Amino acid sequence: MPFGIGSKNTVHAVDNASPQSTSESQLAALTQTAQAQDPIAPSDIVPIVRDIKSEPPKSWKDNIASNPLLTAGVGVVGFTASLAVARKSIMFLADAVKRHYLIKLEIPIRDQSYAWFLQWIHQHQRNLAQANRGGIAQADAPHVSPFTSPIKYLFTRYTPRTHYLSVATTLSQHENGSISTSFALLPGIGNHIFRYKNAFIRMERTRELKNLDPQGIPWETISLTTLYAHRNIFTELLSAAQEQALKSQEGKTTIYTSWMTEWRAFGQPKTKRPLSSVILDQGIKEKIVEDINDFLGSGKWYQDRGIPYRRGYLLYGPPGSGKSSFIKALAGDLNYDICLVNLSERGLTDDRLNHLLSNMPTRSIALLEDVDAAFNNRKQKNEEGYSGANVTFSGLLNALDGVASSEERILFLTTNYKEKLDEALVRPGRVDMAVEIGLATEWQVERMFQRFYGDDEGELEPERKERVNELCREFIEVLRASGAFEGEGKSGISTAELQGLFVYHKHSPEDVVATAKAMVQAKQSN
Ligand SMILES: Nc1ncnc2c1ncn2[C@@H]1O[C@H](COP(=O)(O)OP(=O)(O)OP(=O)(O)O)[C@@H](O)[C@H]1O
Ligand SMILES: [Mg+2]
């Protein structure tokens with residue numbers, strides 16, 4: 001037992017001895033004292049004394065180092081600190097990599113590309129999956145041989161899957177008026193990886209539930225991230241998305257309505273209505289179409305003369321005479337879209353109207369329906385401003401004048417009551433051409449009858465064809481006898497009413513004539 005040697009005093013003396021005072025002689029004296037008190041051989045003591053002699057007295061650092069609790073604490077703190085440093089370094093590195101080697105593109109929901117991209121990615125993923133299933137080379141990926149470059153080949157075959165989907169339901173209207181529904185499964189909110197032309201792209205779709213538009217639709221953003229080396233892929237991808245969107249809208253007219261200060265597509269694009277299906281009185285359609293084509297071809301002429309490049313049309317006439325139908329068919333014929341303005345819309349201010357009319361999507365016609373309603377209100381209020389709406393009369397005139405813009409602007413106004421319109425509105429520059437679209441004339445009745453029952457397709461037997469012509473003449477005769485074409489040569493029947501009659505008896509022109517006769521008789525006996 002090494003610490004059993006010597007008395008407590010002895011050990012105490014050794015402990016308290018300062019390094020400077022512990023000399024050889026003191027040690028010898030101590031050894032002797034110990035021998036005298038304890039009969040242990042000197043040989044046993046020497047190593048211990050030697051230990052004491054060689055061990056330097058402990059400094060505060062040594063004390064800390066020898067304290068197991070403290071060292072454990074320091075270890076934990078050190079470990080945590082190193083972890084934090086490592087984390088920071090990784091983050092810094094990741095950030096540096098992101099900045100130098102990655103590129104990010106943001107597409108906000110209000111950008112046109114947003115809808116285009118979602119439509120495109122749906123089709124793109126479907127194409128990739130189909131190509132992989134069928135082992136077919138993908139159209140947008142360069143051909144890679146599995147023998148010469150196996151790794152590259154595997155990459156081109158790998159299609160990351162999307163696990164979070166959202167559904168987009170599309171209602172499409174066919175030419176015959178029927179509506180069909182289709183569903184598209186789009187990448188939902190969250191992160192997705194997809195491949196385009198051998199570049200892997202990370203897509204993040206986020207939705208801010210706190211940020212809603214007036215229609216209650218949350219704000220959304222799509223962020224695309226890829227390697228900096230593939231930066232050009234974004235332009236290619238967006239061009240492909242745009243091309244696909246335009247292709248899907250071919251043969252269709254988009255109707256835009258105002259949404260705050262911008263235009264938003266209202267529902268799905270509508271199938272174009274053929275211009276030939278709208279039957280206006282003789283020469284009217286041709287007159288408007290010729291004028292608008294002339295306008296569209298005279299951009300330079302307007303520019304050279306410093307005249308604002310815009311043209312306004314007013315179509316007036318009774319309800320159901322085909323004003324709105326004609327404008328929509330005309331837009332389709334010109335390959336234009338329609339921006340619909342509702343002057344009675346709540347919250348539509350002068351500034352907003354002005355802004356909207358000055359910032360229409362390209363290739364679109366502005367359509368202000370029932371513009372007289374605004375004037376009615378103005379008269380009732382007998383002041384500058386319509387009741388129920390915030391647009392003032394002068395605001396409307398200013399908006400129609402618009403800012404001097406080199407961009408073309410085609411404006412159509414419609415009304416049932418031209419006489420209620422203010423002179424200021426229909427002055428040239430605001431309305432350059434006012435056309436009456438009246439009740440059906442003999443000419444229109446005949447065209448409409450033939451369009452419904454005639455031989456447009458060349459399928460009728462000659463006898464049947466002759467019979468239809470006969471019925472058509474009889475129908476016109478009945479209307480004429482009823483005094484319908486008297487006065488200004490109007491039948492007193494609107495084209496919408498005619499259409500209703502023909503649709504009701506769609507397979508029997510005989511029934512149409514019989515119904516007309518019955519109606520006239522009933523009218524005369526009253
Ligand atoms: N001239 C026409 N040729 C073919 N169809 C017509 C014609 N006029 C009306 N129609 C048919 O009648 C319906 C109503 O027509 P439309 O909405 O174009 O009339 P409108 O003149 O705009 O009426 P309103 O003044 O009430 O707005 C449409 O379904 C349209 O197909
Ligand atoms: Mg209308």
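Residues numbered from 1 in each chain as written. Chains lettered and ligands numbered in written order. Predicted model: local features only at pLDDT ≥ 70, side-chain atom pairs only at ≥ 80, totals over all residues. Heavy atoms only, no water.

1. So, the site of ligand 1
So, point 1. Close contacts around ligand 1 come from 16 residues, with Ile 279, Lys 323, Ser 324, Ser 325 and Thr 495 the closest.
So, point 2. For ligand 1, a nitrogen atom lies 2.6 Å from a polar atom in the backbone of Ile 279.
So, point 3. Asn 416 is positioned such that a nitrogen or oxygen atom in its side chain is 2.8 Å from an oxygen atom of ligand 1.
So, point 4. Burial of ligand 1 by the protein amounts to 78% of the accessible area it has alone, namely 620 Å².
So, point 5. Counting residues per element, the ones that place at least two in the shell around ligand 1 are helix H11 (323-334) and helix H17 (495-504).
So, point 6. Taken together, the residues of the shell around ligand 1 break down into five nonpolar, nine polar and two charged. (Near = heavy atom within 4 Å. Polar contact = N/O pair within 3.5 Å; in protein donor to acceptor, adjacent residues only side chain to side chain. Areas by Shrake-Rupley, 256 points an atom, 1.4 Å probe, with all protein chains shown as cover. Helix = DSSP H or I, 4+ residues; strand = E, 2+ residues; numbered from the N terminus. Nonpolar A, V, L, I, M, F, W, Y, C, P; charged D, E, K, R; others polar.)

2. What about the packing of helix H9 (residues 284-296) against H11?
So, point 1. Across the interface, H9 lies against H11 with an axial gap of 12 Å and an inter-helix angle of 45°. Considered as vectors, H9 and H11 are oriented oblique to each other. Here H9 runs over H11; the crossing is right-handed. Here H9 contributes Lys 285, Ile 288, Val 289, Ile 292, Asn 293 and Leu 296 to the contact with H11, which in turn contributes Phe 326, Leu 330 and Leu 334. (Axes fitted to C-alpha atoms, helices over the stretch in contact; angles between N-to-C directions. Parallel < 35°, antiparallel > 145°, perpendicular 65-115°, else oblique. Left-handed = near helix turned anticlockwise from the far one by under 90°. Contact = heavy atoms within 4.5 Å.)

3. Observations regarding the side chain of His 192
So, point 1. Relative to the helices and strands, His 192 resides in strand E4 (residues 190-196).
So, point 2. Since its relative accessible area comes to 5%, His 192 is described here as buried.
So, point 3. In terms of polar contacts, His 192 uses its side chain to reach the backbone carbonyl oxygen of Gly 188, at 2.8 Å. (Buried < 20%, exposed > 50% of the residue type's maximum accessible area, 1.4 Å probe, protein only.)

4. Quick look at the sheet that holds strand E11 (residues 310-316)
So, point 1. Strands sit in the order E9-E8-E12-E13-E14-E11-E15 across an open sheet of seven strands; the sheet is mixed. A strand with exactly one partner marks an edge of an open sheet, and here the two such strands are strand E9 (262-265) and strand E15 (433-436). Adjacent strand axes in the sheet meet at a mean angle of 30° when their direction is disregarded.
So, point 2. Strands E11, strand E14 (409-415) and E15 of the sheet are contacted by H9, whose axis makes an angle of about 165° with E11. (Pairing = 2+ DSSP bridges.)

5. Let's talk about the confidence of the model for the chain
So, point 1. Residues at a pLDDT of 70 or more form 74% of the chain, whose mean pLDDT is 79.
So, point 2. Below a pLDDT of 50 lies the segment residues 1-22, which in the model reaches 16 contacts outside its immediate sequence neighbourhood of four places, other chains included.
So, point 3. A low-confidence stretch, residues 378-382 (pLDDT under 50), is modelled with nine contacts involving residues beyond four sequence positions or located in other chains. (pLDDT = per-residue confidence, 0-100.)

6. Focus: the nonpolar core
So, point 1. One finds Ile 288, Leu 315, Phe 326, Leu 330, Ile 410 and Phe 412 to be the most contacted residues of the largest nonpolar core, which totals 28 residues.
So, point 2. Of all the secondary structure elements, the ones that give two or more residues to this core are H9, E11, H11, strand E13 (364-368), E14 and E15.
So, point 3. With six residues, H11 is the single largest residue contributor to this core.
So, point 4. Sequence-distant contacts of Ile 410, that is, excluding residues within four places in its chain, are made with Ile 292, Phe 295, Leu 296, Arg 311, Tyr 313, Tyr 336, Met 360, Ser 364, Ile 365 and Ala 366.
So, point 5. Within the second largest apolar cluster, 26 residues are counted, among which are Tyr 256, Leu 400, Leu 411 and Val 431. (Core = buried A, V, L, I, M, F, W, Y, C linked by side-chain atoms within 4.5 Å.)

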